[in-house]
Amino acid sequence: MNTLSTATTTTPAASPAERTRLVQEFAYRMRHHILDMGEVQGQGYVGQALGASEMFAVVYADQLNFRAEDPDWTSRDRFLLSTGHYAIGHYAALAEAGIVPVAELETYGSDDSRLPMSGMATYTPGMEISGGSLGHGLGVAVGTALGLRHQGSGSRVINFMSDGELDEGSTWEAAMGAHHHGLDNLTVLVDINALQADGKTDTVLRTEPVADKWAASGWFTQRVDGNDAAALVTAFDHAADPGQRQGRPVVILCDTRIGRGVPMLETREKAHFMRIEEHEWQLCREELTAGSEGQNR
Ligand SMILES: Cc1ncc(C[n+]2csc(CCOP(=O)(O)OP(=O)(O)O)c2C)c(N)n1
Ligand SMILES: [Mg+2]
């Protein structure tokens, strides 16, 4: 939650239903930003970002402690985007959170833009790491959480990663490290969209049963529908309950649908990197506005 600006702010006293509504609305506006940015380049990692909008939204609209006017505020919670190619989704969230001006989104991927196609910490306010080399984000998150604890900081670390990163040995080394050090200031969101660059996750490398593996590594593990804002809010509430969490690092495994909210993109065969024709962008927007994500907005 933003501690200074009132935009998209919720309070601890808000009911779960109200918090869920704020997350849904945030995600809906994010999806429009994602389509607008995608159109600038005519292509990109649009499907993942649409699919993960509720995941970003629950972080920025409900969970993260930050100051939009001061993205480097020492006491901020850290959100680490391990998957640099999801940057288009992160920029949409940063814009909705008031950290990046909405007007700047139209520079996405252009020369000299602060919003390159892959997330770069040195370019973008609010981007904590450059995460394109997959499988490294969790290690950085573990080090960050450990460092904050040594400093006596109460800040939390939230790491966003993908199911493709579960193929990487470094991810599991970091997972064991977090358990070893008892990092209860660390939360991981895994976007399980069942897809990787080379095809469906279960045909590239079978990582299931994923929940059993995290639990066996000592993590407080939950698996939810990652497009269900209410389920995400509830999962974070369970994680905040010391009785359930028991001092463990937290992982929330989020099953999502690529292209969510835009039916014509939900069924694309080439979904990892989408090329979308010039005339299709407006159709995408219309589908988004007409769909369930667009109702009552
Ligand atoms: C260490 C590493 N290996 C390979 C790549 C190339 N690569 C870029 S995206 C991607 C897919 C990874 O899976 P996931 O993030 O689940 O893909 P998505 O769901 O976005 O399709 C790969 C292999 C990379 N960026 N880093
Ligand atoms: Mg994936």
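Everything here concerns the structure above.
Let us look at the structure shown here. (Residues numbered from 1 in each chain as written. Chains lettered and ligands numbered in written order. Predicted model: local features only at pLDDT ≥ 70, side-chain atom pairs only at ≥ 80, totals over all residues.)

### Quick look at the site of ligand 1
Near ligand 1 you find 15 residues, and of these Leu-134, Ser-162, Gly-164, Gln-196 and Ala-197 are the closest. Among the residues forming the shell around ligand 1, the class breakdown is 3 nonpolar, 11 polar and 1 charged. (Near = placed C-beta within 6 Å. Nonpolar A, V, L, I, M, F, W, Y, C, P; charged D, E, K, R; others polar.)

### Some thoughts on unusual backbone geometry
The omega angle of the peptide bond from Glu-208 to Pro-209 is 5 degrees, so this bond is cis rather than trans. As for its position among the elements, Pro-209 is in the loop between helix 7 (201-204) and helix 8 (210-216). The residue Ala-194 is not glycine, and still its phi comes out positive at about 65 degrees. Mapped onto the elements of the fold, Ala-194 is located in the loop between strand 4 (186-192) and strand 5 (195-196). With 14 C-beta atoms packed within 10 Å, Ala-194 lands in the partly exposed category. (Helix = DSSP H or I, 4+ residues; strand = E, 2+ residues; numbered from the N terminus. Buried ≥ 20, exposed ≤ 12 C-beta atoms within 10 Å, placed from the backbone.)

### Topic: the nonpolar core
Proteins that are soluble and globular tend to have nonpolar side chains buried together. Counting 82 residues, the largest nonpolar core has Val-23, Ala-57, Val-58, Ile-88, Tyr-91 and Leu-232 as its most contacted members. Contact partners of Tyr-91, with chain neighbours within four places excluded, come to Met-37, Val-100, Leu-105, Tyr-108 and Leu-115. (Core = buried A, V, L, I, M, F, W, Y, C linked by C-beta atoms within 7 Å. Contact = placed C-beta atoms within 7 Å.)

### Observations regarding the packing of helix 1 (residues 16-41) against helix 9 (residues 229-240)
Packing of helix 1 against helix 9 brings their axes to within 9 Å, and their N-to-C directions diverge by 125 degrees. In terms of axis orientation, helix 1 runs oblique to helix 9. Handedness of the crossing formed by helix 1 with helix 9: right-handed. Packed against helix 1, whose contacting residues are Pro-16, Arg-19, Thr-20, Val-23, Gln-24 and Ala-27, the element helix 9 presents Ala-229, Ala-230, Leu-232, Val-233 and Thr-234 at the interface. Of the residues in the contact of helix 1 with helix 9, the class split is 7 nonpolar, 3 polar and 1 charged. (Axes fitted to C-alpha atoms, helices over the stretch in contact; angles between N-to-C directions. Parallel < 35°, antiparallel > 145°, perpendicular 65-115°, else oblique. Left-handed = near helix turned anticlockwise from the far one by under 90°.)

### What about the sheet that holds strand 4?
Across the sheet, 5 strands lie side by side as 2-3-4-8-7; this open sheet has parallel pairing. This sheet does not close on itself; its edge strands, each paired only once, are strand 2 (78-81) and strand 7 (220-225). Adjacent strand axes in the sheet meet at a mean angle of 20 degrees when their direction is disregarded. Alignment of strand 2 against strand 3 (residues 157-162), held across 4 bridges, turns out to be parallel. Within the sheet, the bridge partner assigned to Phe-79 lies in strand 3 and is Ile-158. (Pairing = 2+ DSSP bridges.)

### Focus: helix 12 (residues 280-290)
Within helix 12 the residues assigned to the buried category are Cys-284, Glu-287 and Leu-288. In an axial view of helix 12, the angular spread of the buried residues amounts to 100 degrees, which keeps them on one side of the axis. Facing away from the buried side of helix 12, by more than 90 degrees, are the exposed residues Gln-282 and Ala-290. In this structure, the buried residues of helix 12 make contact with helix 1 and helix 11 (263-266). (Arc of directions from axis to C-beta.)

### Regarding the pairing of strand 3
Counted residue by residue, strand 3 has 6 buried out of 6 residues, so it is predominantly covered. Residues Val-157, Asn-159 and Met-161 of strand 3 are buried on one face, and the alternating residues Ile-158, Phe-160 and Ser-162, pointing to the opposite face, are buried as well. Sheet topology places strand 3 next to strand 4; 6 bridges connect them, and they run parallel. For Ile-158, the partnering residue across the bridge sits in strand 4 and is Thr-187. The β-α-β motif built from strand 3, the intervening helix 6 (residues 169-180) and the parallel element strand 4 has right-handed crossover chirality. (Right-handed = clockwise from strand over helix to strand, strands pointing away.)

Purely geometric numbers; function is a separate question.
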